[in-house]
Amino acid sequence: MYKKTHLFFWFFLTVLLLSACASNEIKSKHPAARFFYPILDEPKIYVYRDMIGGLEEQFHRVYAVKDHLGYHVVVERYASDGRILEALNFNVDSLDIQDHMVVNRNQKKTQAAVYKTTYFPWKGSDETWFATKFEGVLDSTLILQELKRKQDSDHVFIEVMGAERQCIKYRDLTKFTLINPFAKTEKKLEIVSSTYYAEGVGLVEWKGSGNKVHFRLEQIMDQSEWVKFIRP
């Protein structure tokens, strides 16, 4: 009798724990959510290698938080020397941009003005529009950055850290308008690139036209590894 009661207790406890985990599972309404970053309790650091030069690296620190606006994922971008450059705050439900932070020329974190928030197309025919304005990193120039993105394909298989994964491929048109408020002049620059997001991983590769820019995911580090890595 004792054994039956004991087994029943552990069975009931297991079911209860599984139910609790299921009820706390964070789900997005966006159809491309399975190609977005996993929603994890602990931060992960994505290490991207420059495939052209070979020496340059980028680090993206990805973590999930919850506040009065609900669940969202923050992606912090760092230079190869460990300096933070910017951070994008994604709403988990829509995958839209909630906030954009940029480090200015004085190495201070500044809040960018976000005018357009869509980042991932909901349908294959959609074009998203993300627009943000922030201080320049070299002088007093203001920069208006616009990203217009279309889905190129959702059945692309590429190698990601030694394993083949299905990806969504996007065609990105990024426009930069450099505004000098004192001289009242503007300078425009356009960049066309391809961006790949892998199922269960997130951003894994991006490359510009003309073979000028090409970064690929090399490894994913835990927070503890990252701290040791950037510590002088």
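Residues numbered from 1 in each chain as written. Predicted model: local features only at pLDDT ≥ 70, side-chain atom pairs only at ≥ 80, totals over all residues. Heavy atoms only, no water.

### Re the overall build of the chain
Then, in step 1: Along the chain, the regular secondary structure elements total two helices and 13 strands.
Then, in step 2: In the chain, the share of contacts with a sequence separation of at least 24, taken over all contacts with a separation of at least 6, comes to 43%.
Then, in step 3: If you sum the accessible surface of the chain, you get close to 14100 Å²; carbon and sulfur atoms cover 55% of it. (Helix = DSSP H or I, 4+ residues; strand = E, 2+ residues; numbered from the N terminus. Contact = heavy atoms within 4.5 Å. Areas by Shrake-Rupley, 256 points an atom, 1.4 Å probe, with all protein chains shown as cover.)

### A word on the pattern of salt bridges
Then, in step 1: Evaluated as defined, the whole model comprises 12 salt bridges.
Then, in step 2: Among the salt bridges present, the one from Arg-49 reaches Glu-218, with a minimum N-O distance of 3.2 Å. With Arg-49 in strand β1 (residues 44-50) and Glu-218 in strand β13 (residues 214-222), this residue pair connects regions lying 169 residues apart in the sequence.
Then, in step 3: Judged by relative accessible area, which is 37%, Glu-218 ranks as partly exposed.
Then, in step 4: In this structure, the salt-bridge partner of Arg-61 is Glu-76, at a minimum N-O distance of 3.2 Å. Placement of Arg-61 in strand β2 (residues 57-67) and of Glu-76 in strand β3 (residues 70-78) is noted, with a sequence separation of 15 residues between them.
Then, in step 5: Arg-61 gets classed as buried once you look at its relative accessible area, which sits at 17%. (Salt bridge = Lys/Arg side-chain N within 4 Å of Asp/Glu carboxyl O. Buried < 20%, exposed > 50% of the residue type's maximum accessible area, 1.4 Å probe, protein only.)

### Observations regarding the packing of aromatic side chains
Any pair of aromatic rings gets described here by the distance separating the centres and the angle formed by the planes.
Then, in step 1: Summed over the entire model, instances satisfying the criterion amount to 16 aromatic pairs.
Then, in step 2: Taken together, a centroid distance of 5.1 Å and an interplanar angle of 75° make the contact between Phe-36 and Tyr-37 edge-to-face. Like Phe-36, the residue Tyr-37 is buried in the burial classification.
Then, in step 3: The interplanar angle of 85° and the centroid separation of 5.0 Å between the aromatic rings of Phe-120 and Tyr-197 together place this pair among those described as edge-to-face. (Phe/Tyr/Trp six-rings, centres within 6.5 Å; stacked < 30°, edge-to-face > 60°.)

### Some remarks on the environment of Gly-202
Then, in step 1: Positionally, Gly-202 belongs in strand β12 (residues 202-208).
Then, in step 2: For Gly-202, a relative accessible area of 0% translates into the label buried.
Then, in step 3: A sequence separation of 168 residues divides Gly-202 from Arg-34, and the C-alpha atoms of the two residues are 8.3 Å apart.
Then, in step 4: What Gly-202 contacts, discounting residues up to four positions off in sequence, is Phe-35, Phe-36, Tyr-37, Tyr-196 and Tyr-197.

### A short note on the pairing of strand β11 (residues 185-198)
Then, in step 1: Sheet topology places strand β10 (residues 163-180) next to β11; 14 bridges connect them, and they run antiparallel. Looking across to β11, one finds that Asn-180 is bridged to Thr-185.
Then, in step 2: Taken together, the six bridges between β11 and β12 define a ladder with antiparallel strand orientation. What sits directly across from Ser-194, in β12, is Lys-207.
Then, in step 3: Connecting the antiparallel pair β11 and β12 is a turn made up of three residues, with Gly-200 showing a positive phi of about 80°. (Pairing = 2+ DSSP bridges.)

From the geometry alone we can't say anything about function, so treat these as descriptive.
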